Amino acid sequence: MKNRVFRLLSISVSLIAVLLATSSIAFSQGSTKGKLPGMIGIGTLAIGSGTHIMASTLTEVLKEKAGIKVRVIPLGAEMARMEVLRSGDAQFSAAVGGGLYFAEKGLVDFARADWGVQPLQLVWLGPAYVGLATTKAHKDINSVADVRGKRISFLPYYSAKIMPEGFLAFGGLTWNDVKPVPSAGYVDQFKALMAGAVDVVGIANPATPIMYEVEAHPGGLKWIPFPHGDTESWKRLRQVIPWGVPGKVGMGPGLSKENPLEGYVHACGFVAYENTSPELVYLLTKTIGDNLQRLHNMAAAWKVYTMEIALSTKGYPHAYHEGAVKYFKEKGLWTPENEEWNQSQLEKQNRLKDAWKQFSEKAKAENLKPDSFKEEWHKTQSAITDYLPAPDVKKK
């Protein structure tokens, strides 16, 4: 009798362990519905970045409002952030501009058999304003076209390196028309500018602290505009970097709401995989939306995140997750135009997933080598996205 009871207890404990493990696995893949977890992970850019600061402030608000703890996972590389998201170590991740676009479409570093199209969707859309900067000492540089023949910095990874290429296209220029100067990191560009080693910084964000240092430098700071009325120049820019839109920049050194810069803006927000629990996505979107003013007061990085910008989706090649849409609809803010644009992006995402599946099977059967694999997939997806990534600067 005792042995029978012991066996029954052992079986029960084993079943409970299996059920718990299965529940944990299902949640890590983002498919659990119903009961919310006690802890979630959010991947961010490196420690000290705006997204890391933002996620860190969210930990306090989520704990207070929903009783959920947050593990913030700082990672500099886009691929690393996508890996913790895909593995389930994080349920959400910060994603920015070209890095997000490449992951969604399976391009560049993601154009590999073990990656490909990543069905990522927005939880909250925020802005990252980036552009070209020089110093006031360069009196002859007042437009993008004036950069011809000048020394311009670029960063060593593709998703950042392609940005100045797109900016140059606005002025009808290519890398052959300028003198490219590699920089080891974002801040190093500005040190080179202040030291006179470059004439133009190829990717500058007015929200970053280093910009105030440049402004205070004897040479001063000058922003190079991207006039929004110049439609032909914007067409050229978006052929190279199609993930951004025209945006007025009213924050940063030398800028204000009364004196904004006509510039370029791309997404810098939080994303999740499409199969992430709608309840969980709804919770994070609601936590941000219902506490925006508090978040603004907690960290300066949040100040450019507004409800208006979150819903200014048209032009951005990304779709909102159904959990986020539910929140915006409940608030009465989701318009027919939002729905139309979102559905168009979801439809494109589904076409890309189907195309990737067919291409992967064909590539495996033909035993395509990595370089050929990438080249052929880039061509295949361009029929859906109308975008073909430019060659790497290093290979020119």
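Bear in mind that the values here come from a model prediction, so they are computed numbers and not experimental data.

### Description of the overall build of the protein chain
Next up, step 1: What the protein chain contains, in helices and strands, is 14 helices and 11 strands.
Next up, step 2: On C-alpha atoms alone, the protein chain measures out to a radius of gyration of 23 Å, which is about the 21 Å that the 2.2 N^0.38 rule sets for 396 residues.
Next up, step 3: Per-residue burial over the protein chain gives 51% buried out of 396 residues.
Next up, step 4: Across the protein chain, every contact between residues at least 6 apart in sequence was considered, and the portion connecting residues at least 24 apart equals 72%.

### So, the environment of Gly126
Next up, step 1: Turning to its location among the elements, Gly126 is positioned in the loop between β4 (120-124) and β5 (127-134).
Next up, step 2: Given the relative accessible area of 0%, Gly126 is considered buried.
Next up, step 3: Separated by 140 residues in the primary sequence, Gly126 and His266 place their C-alpha atoms 8.3 Å from one another.
Next up, step 4: Residues within four places of Gly126 in sequence aside, it is in contact with His266, Ala267, Cys268, Gly269, Tyr305 and Ile309.

### A look at helix α3 (residues 78-87)
Next up, step 1: Those residues of α3 lying buried are Glu78, Arg81, Met82, Val84 and Leu85. Looking straight down α3, one finds its buried side chains confined to an arc of 160°; they lie on one side.
Next up, step 2: With its phi angle positive at about 95°, Gly88 sits one or two positions after the end of α3.

### As for helix α2 (residues 50-66)
Next up, step 1: The first and last C-alpha atoms of α2 sit 24 Å apart over 17 residues, in line with the 24 Å expected at 1.5 Å per residue.
Next up, step 2: Listed in full, the buried residues belonging to α2 are Thr51, His52, Met54, Ala55, Thr57, Leu58, Val61 and Leu62.
Next up, step 3: Where α2 is buried, its residues meet β1 (39-44), β2 (69-74), β3 (92-96), β11 (261-273), α9 (278-290) and α10 (292-298).
Next up, step 4: Downstream of α2 by a residue or two, Gly67 has a phi angle that is positive, lying close to 70°.

### A few points about the packing of α9 against helix α12 (residues 322-330)
Next up, step 1: With their axes 7 Å apart at the nearest point, α9 and α12 run at an angle of 45° to one another. The angle between α9 and α12 places the two elements in the oblique class. At the point where α9 passes α12, the crossing takes the right-handed sense. Together, Pro278, Val281, Tyr282, Thr285, Lys286, Gly289 and Asp290 of α9 and Glu322, Gly323, Ala324, Lys326, Tyr327, Phe328 and Glu330 of α12 make up the contact between the two elements.
Next up, step 2: Class assignment of the residues belonging to the contact of α9 with α12 gives a composition of 6 nonpolar, 3 polar and 5 charged.

### Side note on the packing of aromatic side chains
The description of an aromatic ring pair uses the distance of the two centres, along with the angle that the planes make with each other.
Next up, step 1: Using the criterion set out here, one finds 28 aromatic pairs in the structure.
Next up, step 2: Aromatic side chains Phe170 and Trp234 sit 5.8 Å apart centroid to centroid with 85° between the ring planes, which places their arrangement in the edge-to-face category. Here the residue Phe170 occupies a position in helix α5 (residues 158-170), and Trp234 occupies one in helix α8 (residues 231-240), the gap between them amounting to 64 residues.
Next up, step 3: Judged by relative accessible area, Phe170 falls into the buried class, the value being 5%.
Next up, step 4: Ring centres of Trp356 and Phe373 lie 5.7 Å apart, and the angle between their planes is 70°; this geometry places the pair in the edge-to-face category. Here the residue Trp356 occupies a position in helix α13 (residues 336-366), and Phe373 occupies one in helix α14 (residues 370-385), the gap between them amounting to 17 residues. Of the two residues, Trp356 and Phe373, neither departs from the other in class, the shared state being buried.
Next up, step 5: Grouping aromatic residues by their ring pairs yields a cluster made of Trp124, Tyr282, Tyr320, Tyr327, Phe328 and Trp334.
Next up, step 6: Stacked on the ring of Trp115, the Lys or Arg Arg86 has its end atom at 3.6 Å from the ring centre.
Next up, step 7: Sitting over the ring of Tyr282, Lys326 keeps its end group 4.7 Å from the ring centre.

### A closer look at unusual backbone geometry
Excluding glycine, residues mostly have negative phi values, and the peptide bonds linking residues are mostly trans.
Next up, step 1: The phi angle at Val108 is positive, at roughly 55°, despite the residue not being glycine.
Next up, step 2: Along the chain, Val108 falls in the loop between α4 (97-105) and β4.
Next up, step 3: In the Ramachandran plot, Asn367 falls in the positive-phi region, its phi being about 55° despite a non-glycine side chain.
Next up, step 4: Mapping Asn367 onto the fold places it in the loop between α13 and α14.

### Description of the side chain of Ser233
Next up, step 1: Tracing the sequence through the fold places Ser233 in helix α8.
Next up, step 2: At 3.1 Å, the side chain of Ser233 and the backbone oxygen of Phe170 are in polar contact.
Next up, step 3: Polar side-chain contacts of Ser233 include one of 2.7 Å to the side chain of Asp230.

### Structural notes on the pattern of salt bridges
Next up, step 1: For the structure shown, the criterion picks out 17 salt bridges.
Next up, step 2: Between Lys235 and Glu232 there is a salt bridge, with the nearest N and O atoms lying 3.5 Å from each other. A residue pair is termed a helical-turn pair when its members lie 3 or 4 positions apart in one helix, as Lys235 and Glu232 do in helix α8 at 3 residues.
Next up, step 3: Bridged by salt links that share partners, the residues Glu60, Glu64, Lys65 and Arg294 form one connected network.

### Quick word on the pairing of β2
Next up, step 1: Pairing between β1 and β2: 6 bridges, direction parallel. Within β2, the residue paired with Thr44 across the bridge is Pro74.
Next up, step 2: Handedness of the β-α-β unit built from β1, α2 and β2 comes out right-handed.

### A look at the environment of Asn205
Next up, step 1: Residue placement: Asn205 occurs in the loop between β8 (201-204) and α7 (210-216).
Next up, step 2: Overall, Asn205 belongs to the buried group, its relative accessible area being 17%.
Next up, step 3: C-alpha separation for the pair Asn205 and Glu64, spaced 141 residues apart in sequence, amounts to 32 Å.
Next up, step 4: Beyond its immediate stretch of four places on either side in the chain, Asn205 contacts Tyr129, Val130, Tyr186, Met211 and Trp223.

Quick notes on the rules
- Residues numbered from 1 in each chain as written.
- Predicted model: local features only at pLDDT ≥ 70, side-chain atom pairs only at ≥ 80, totals over all residues.
- Heavy atoms only, no water.
- Helix = DSSP H or I, 4+ residues; strand = E, 2+ residues; numbered from the N terminus.
- Rg over C-alpha atoms; globule rule 2.2 N^0.38 Å.
- Buried < 20%, exposed > 50% of the residue type's maximum accessible area, 1.4 Å probe, protein only.
- Contact = heavy atoms within 4.5 Å.
- Arc of directions from axis to C-beta.
- Expected span 1.5 Å × (residues − 1).
- Axes fitted to C-alpha atoms, helices over the stretch in contact; angles between N-to-C directions.
- Parallel < 35°, antiparallel > 145°, perpendicular 65-115°, else oblique.
- Left-handed = near helix turned anticlockwise from the far one by under 90°.
- Nonpolar A, V, L, I, M, F, W, Y, C, P; charged D, E, K, R; others polar.
- Phe/Tyr/Trp six-rings, centres within 6.5 Å; stacked < 30°, edge-to-face > 60°.
- Lys NZ or Arg CZ within 6 Å of the ring centre and 35° of its normal.
- Polar contact = N/O pair within 3.5 Å; in protein donor to acceptor, adjacent residues only side chain to side chain.
- Salt bridge = Lys/Arg side-chain N within 4 Å of Asp/Glu carboxyl O.
- Pairing = 2+ DSSP bridges.
- Right-handed = clockwise from strand over helix to strand, strands pointing away.

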